[in-house]
Amino acid sequence: MPHSTVTDPVAPSSPTEEDSVLPDAPRYAPDEVKEEREEADENEQKDGDMIREAPKADVKLDDLFNDDDDEEDDDEFSSSRTATAKVESSPPAAPLQLAPAAKYTDPEVMLAFYQRLFPFRYLFQWLNHSMKPSNDFCHREFAFTLQNDTYLRYQSFPTGDLLRKDILRLNPSRFEIGPVYTANPRDRKTLRKSTAFRPIAKELVFDIDLTDYDEIRTCCDKANICHKCWSFVTMAIKVVDAALREDFGFQHIMWVYSGRRGAHAWISDKRARNMDDQKRKALAGYLELIKGGAQSGKKVNVKRPLYPHLARSLDTLKDHFQHDILEDQDPWVEPEKAERLLQLLPDKALNDALRKKWNTAPGRSSTSKWADIDALAKSGASKTLDGKALLDAKQDIVLEYTYPRLDVEVSKRQIHLLKSPFVVHPKTGRVCVPIDTRRLAQFDPLGVPTVTELLGEIDEYDHRDLREDGEGKKAQDYEKTSLKPYIDYFRSYVAGLLKDEKGVKREREDDDAMEF
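Residues numbered from 1 in each chain as written. Predicted model: local features only at pLDDT ≥ 70, side-chain atom pairs only at ≥ 80, totals over all residues. Heavy atoms only, no water.

**Q** Run through the overall build of the protein, naming residues and quoting values.
**A** In terms of helices and strands, the protein carries 18 helices and nine strands. Expressed as a percentage of the 516 residues in the protein, the buried residues total 51%. In the form shown here, the protein has an accessible surface area of approximately 24200 Å², with 49% of it arising from carbon and sulfur atoms. (Helix = DSSP H or I, 4+ residues; strand = E, 2+ residues; numbered from the N terminus. Buried < 20%, exposed > 50% of the residue type's maximum accessible area, 1.4 Å probe, protein only. Areas by Shrake-Rupley, 256 points an atom, 1.4 Å probe, with all protein chains shown as cover.)

Structural data, given as C-alpha cells:
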C-alpha cells in the first residue's frame, strides 16, 4: 500500500504557511511533494553517504536473532535531557465550534479532532517505550503533510507534549512515523560526518493493500472495497500474525486499519525494532509467496513437503477458500477466467475434459467447477493423471487465491515512513484505528467512524448530558464517541509493551536517581 500518496490540495488555514513552517524544517512546495515522497523511500540515494553502510552478507533465517537483545543505548537517559515531562496538555478551554455542514477535509475539523480526540499520550508511550522521554522518542523522525500539501520531513520532539503542541500549531492533514536515528533529526546538517546520521531502530512493519488483489477479486477494484473483498485482508492478517508469533516469537503486534483499503502491522518487540535492513529483508522474504504480475503464469511454486509455515497457512486458508473465494468472489464463472484455472492444472487430458464440460454449461459456478476437477479425475478422464501432482496443483491454487499479497518493500528498510495510527484518511475521513485480532471477523472497515461523525457524537453527548444535568466523573471527549473501544484497545496494547520494556529501563532510571 503506498504509504505516501499526495492528498487533494486544501486551502491553508490560519496561521499562514509562512508562520506555520518551522525555521529548520525541510520544506517542499505542493508540486514537489510526490517526488519527495518517492525519495523518502529511497533515502540512501537522496542523502548519499549520510545513511550508507558497508555491504552486508545475506542473512540466514536461522541466524536472524542471534544478536544481543540486552544491548542498550548508553545515553538513553542522559542528564542533558528533561528528567520529567508532562505528556499531554489539557484541552483548550473553549474547543472549536464547527459549522453544521463541516466536512472532514476542513482544517477546522482536523484541528478539533487533534484537540479533542487524538490519543497523543498513548502514542508517545508506544513510541518511547517508557514514561520518561528517551532517545527512542527524541531521535524519532516525524513527517507532516500540511493542509496545503506541503510536506515536512525530519521533525523531532523532546517530549510527547511538544509533539502535540506542534501538531495543533501546524494542523497537518496527516503525519507519518519514521525511524529512530543516531542523532536528533533536526541536527542532521550540523554533524561533522554525514555517516554519523543514520537510522538505528524502527518497528518492523507490514502493509496489505487490496489493490494488490485486483486480478483475483471480482467484487471491486482500485480504491473501492466491500465486505466481500475485505476478507482478503482478514485472511492476510491471520496468516502473517500467526507466522510472526509462532515462527519468530514476536508478541507486541498491532494491526491498524489504513482508513481506506488495507491494513498495516506494527511489531514493537525490541528484537524487531533493532533489526537491520538485511534481517528485515530476510524476514519479508520468508513471508513472501505470490510472485509475478497480472500477466504472469503460475504465481505459486513451492517445494514439497510444505515447510511448517505454509502447511499451517494452508490449513488456516482452506475454509476461507471455500466460502470467500469460490462462493463470494466466484472467480472462474466466466469462460476466460476458467481458462486461467485450467492453466494451473497439470494434466492436458483432464483439462480438455473439464473445458468440454464447462462449455456445455455456461454460467457454471466456480464452486461447481472446482468440484468437477476431482469428479472427472476419479472418472478416469485422463489415463496419465498423476494424483500427487494434481493435489499439489490444487494446493497451489488455494494459496494463490488466498495467501497474503504483501508490499514487501515497505518491510525491508528502516528508513521507510508509515502513516501514524489514529490519523484521518484524507479521502474517506475514516480514522486509522487499531484492529483487535481477537475479534478479527467482527471488524467492519465500512463501519469505522469518520472524523465528522465523531465530533457530532461529542456534541450529541454534551447536549444530552446538559439536559440530564448528570453528576459524577466527567467523561473525556473520546469516551463520548465510538472511538472509545479503539483507544481503549490501544491503551491496553501500549500497557503490555511498557510492562515488558520497563525492567532494564527501570534499573537505569534508578541509577540516575541515586545520590552518593
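After that view of the structure, there is still more to cover.
**Q** I'd like a rundown of helix H12 (residues 335-343), residues and numbers included.
**A** Those residues of H12 that sit buried are Ala338, Arg340, Leu341 and Leu342. Structurally, H12 contributes buried residues whose contacts are with helix H13 (348-359), helix H14 (366-378) and helix H15 (387-402). (Contact = heavy atoms within 4.5 Å.)

**Q** Pulling in residues and values, what's your account of the side chain of lysine 369?
**A** Tracing the sequence through the fold places lysine 369 in helix H14. Here lysine 369 occupies a buried position and makes no salt bridge, while the nearest side chain of opposite charge, aspartate 330, is found at 7.1 Å. A polar side-chain atom of lysine 369 sits 2.6 Å from the main-chain carbonyl oxygen of tryptophan 332. (Lys, Arg positive; Asp, Glu negative; His and termini not counted. Salt bridge = Lys/Arg side-chain N within 4 Å of Asp/Glu carboxyl O. Polar contact = N/O pair within 3.5 Å; in protein donor to acceptor, adjacent residues only side chain to side chain.)

**Q** How would you sum up the packing of helix H8 (residues 227-247) against helix H11 (residues 308-329)? Please name residues and give values.
**A** Direction vectors running N to C along H8 and H11 enclose 175°, while the axes themselves pass 10 Å from each other. Here H8 lies roughly antiparallel to H11, going by the angle between them. Packed against H8, whose contacting residues are Lys228, Cys229, Ser231, Phe232, Met235, Lys238, Val239, Ala242, Ala243, Glu246 and Asp247, the element H11 presents His309, Arg312, Ser313, Thr316, Leu317, His320, Asp324, Ile325, Asp328 and Gln329 at the interface. (Axes fitted to C-alpha atoms, helices over the stretch in contact; angles between N-to-C directions. Parallel < 35°, antiparallel > 145°, perpendicular 65-115°, else oblique.)

**Q** I'd like a rundown of the pattern of salt bridges, residues and numbers included.
**A** Taken as a whole, this structure holds 33 salt bridges when the rule is applied. Put simply, arginine 304 and aspartate 396 hold a salt bridge, and the shortest N to O gap is 3.0 Å. A residue pair is termed long-range when its members are at least 10 positions apart, and arginine 304 in the loop between helix H10 (277-287) and H11 and aspartate 396 in helix H15 qualify at 92 residues. By relative accessible area, aspartate 396 is classed as buried at 6%. Notably, a salt bridge pairs aspartate 315 with lysine 318, separated by 3.1 Å at the nearest N-O pair. Highlighted residues: aspartate 315 and lysine 318, both in helix H11, separated by three residues, approximately one helical turn. You can call lysine 318 partly exposed: its relative accessible area is 46%.

**Q** Would you mind going over unusual backbone geometry in detail, with residue names and values included?
**A** The amide bond that connects arginine 304 to the next residue, proline 305, takes the cis arrangement and shows omega of 0°. Residue position: proline 305 is located in the loop between H10 and H11. A positive phi is found at aspartate 330, a non-glycine position, where the angle reads about 45°. Here phenylalanine 422, not a glycine, exhibits a phi torsion of approximately 75°, which is positive. Within the secondary structure, phenylalanine 422 is located in the loop between strand S8 (418-419) and strand S9 (434-435).

**Q** Which residues make up the packing of aromatic side chains, and what values go with them?
**A** In this structure the tally under the stated criterion is 29 aromatic pairs. The interplanar angle of 50° and the centroid separation of 6.4 Å between the aromatic rings of phenylalanine 321 and tryptophan 332 together place this pair among those described as tilted. Of this pair, phenylalanine 321 sits in helix H11 while tryptophan 332 sits in the loop between H11 and H12; the two residues are 11 residues apart in sequence, bridging distant segments of the chain. By relative accessible area, which is 3% here, phenylalanine 321 ends up buried. (Phe/Tyr/Trp six-rings, centres within 6.5 Å; stacked < 30°, edge-to-face > 60°.)

**Q** Which residues make up the nonpolar core, and what values do they have?
**A** If you look at the biggest cluster of nonpolar residues, it comprises 119 residues, and the most contacted ones within it are Phe113, Trp126, Phe144, Phe250, Leu287 and Leu483. In contact with phenylalanine 113, not counting residues within four places along its chain, are Phe118, Phe422, Val424, Val431, Val451, Leu454, Leu455 and Leu483. Core analysis: the second largest hydrophobic core is formed by five residues, Tyr154, Tyr181, Ala183 and Phe197 among them. (Core = buried A, V, L, I, M, F, W, Y, C linked by side-chain atoms within 4.5 Å.)

**Q** Please set out the sheet that holds strand S5 (residues 204-209) residue by residue, giving values where relevant.
**A** Strand order in this open sheet of four strands is S5-S7-S6-S9, and the pairing throughout is antiparallel. Looking along the sheet, the strands with just one partner apiece sit at the ends: S5 and S9. (Pairing = 2+ DSSP bridges.)

**Q** I'd like a rundown of the confidence of the model for the protein, residues and numbers included.
**A** On average, the protein scores 83 in pLDDT, and the residues at 70 or more come to 75%. A low-confidence stretch, residues 511-516 (pLDDT under 50), is modelled with two contacts involving residues beyond four sequence positions or located in other chains. (pLDDT = per-residue confidence, 0-100.)

**Q** Requested: an account of the pairing of strand S2 (residues 151-155), with residues and values cited.
**A** The element S2 is extensively covered by neighbouring structure, given that five of its five residues are classed as buried. As paired strands, strand S1 (residues 140-145) and S2 are joined by three bridges and run antiparallel to one another. The residue bridging threonine 145 from the neighbouring strand is tyrosine 151, located in S2. Hairpin connection between S1 and S2: a loop of five residues separates the two successive antiparallel strands, and aspartate 149 in this loop has a positive phi of roughly 75°.

**Q** Which residues make up the environment of valine 448, and what values do they have?
**A** Considering the arrangement of structural elements, one finds valine 448 in the loop between S9 and helix H17 (451-468). In the structure, valine 448 is positioned 18 residues away from arginine 430 in sequence and 6.2 Å away in space, judged by C-alpha atoms. In this view, valine 448 contacts Tyr257, Arg430, Val431, Val433, Phe443, Glu453 and Tyr486; residues no more than four positions away in its chain are not counted.

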